[in-house]
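The chain contents come next:
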Amino acid sequence: MDRDDGFREFVLARQQALMRTAYLLVGDAHLAEDLLQSVLTKIVKHWPKLAKEGNPEAYTRKALVNQYLAWRRRPRPEVLSAAPPERAASYDNATLDRIVLRQALAKLTRKQRAMIVLRYWEDLTEAQTAEALGCSIGNVKSQTHHALARLRALAPELADPYLQEVVR
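What counts, and where the lines are drawn
Residues numbered from 1 in each chain as written. Predicted model: local features only at pLDDT ≥ 70, side-chain atom pairs only at ≥ 80, totals over all residues. Heavy atoms only, no water. Axes fitted to C-alpha atoms, helices over the stretch in contact; angles between N-to-C directions. Helix = DSSP H or I, 4+ residues; strand = E, 2+ residues; numbered from the N terminus. Parallel < 35°, antiparallel > 145°, perpendicular 65-115°, else oblique. Contact = heavy atoms within 4.5 Å. Nonpolar A, V, L, I, M, F, W, Y, C, P; charged D, E, K, R; others polar. Expected span 1.5 Å × (residues − 1). Buried < 20%, exposed > 50% of the residue type's maximum accessible area, 1.4 Å probe, protein only. Arc of directions from axis to C-beta.

Asks: Help me get a handle on the packing of helix α7 (residues 126-133) against helix α8 (residues 137-154), residues and values and all.
Replies: The interhelical angle for the contact between α7 and α8, taken along N-to-C directions, is 100°, at an axis separation of 8 Å. With respect to α8, the axis of α7 lies roughly perpendicular. Mapping the contact onto sequence places Glu-126, Ala-127, Thr-129 and Ala-130 in α7 and Ile-137, Val-140 and Lys-141 in α8. Looking at the contact of α7 with α8 residue by residue, the classes come out as four nonpolar, one polar and two charged.

Asks: Residue-level account of α8, with values.
Replies: The first and last C-alpha atoms of α8 sit 25 Å apart over 18 residues, in line with the 26 Å expected at 1.5 Å per residue. Taken residue by residue, α8 has Val-140, Thr-144, Ala-147, Leu-148 and Leu-151 as its buried positions. Taken end-on, α8 shows its buried residues confined to a sector of 100°, consistent with a single buried face. More than 90 degrees from the buried face of α8, the exposed residues found are His-145 and Ala-153.

Purely spatial values, then, with no claim about function.
See the structure below:
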């Protein structure tokens with residue numbers, strides 16, 4: 001058995017969930033692939049130790065968040081266009097809500113966005129989120145509160161009862 005077989009199995013089993021987390025953090029499918037690939041490239045070097053110590057998924061998720069937060073130091077390329085792209089003719093309400101929410105998430109700070117993604121999309125507890133971000137539970141509570149308030153201010157149209165439950 002190759003020493004990386006366990007790593008391959010881990011990636012095959014958790015790839016979709018990790019990709020979803022990466023996408024929710026960066027908001028772009030291609031950047032999410034880059035983020036996940038760079039993290040997995042680093043993790044494979046330490047795989048035997050990670051597999052032996054127990055929870056490689058939590059470590060990988062933390063590495064995703066840390067790499068995402070580190071990218072703020074990296075300049076983001078701008079895509080210039082003479083005209084903005086045209087939108088499709090019709091959207092259903094759920095699609096519009098997702099678009100508005102994605103745009104609002106993009107306006108949060110990286111730390112706030114990471115808090116929202118981990119708490120509400122990954123459904124981590126406050127303690128798990130604090131561990132993933134390397135901060136205190138109190139910091140998670142206050143940053144999450146500020147992030148939700150900012151989301152509500154940025155996208156008041158999402159304040160219907162169903163979405164209140166989703167972002168609560």
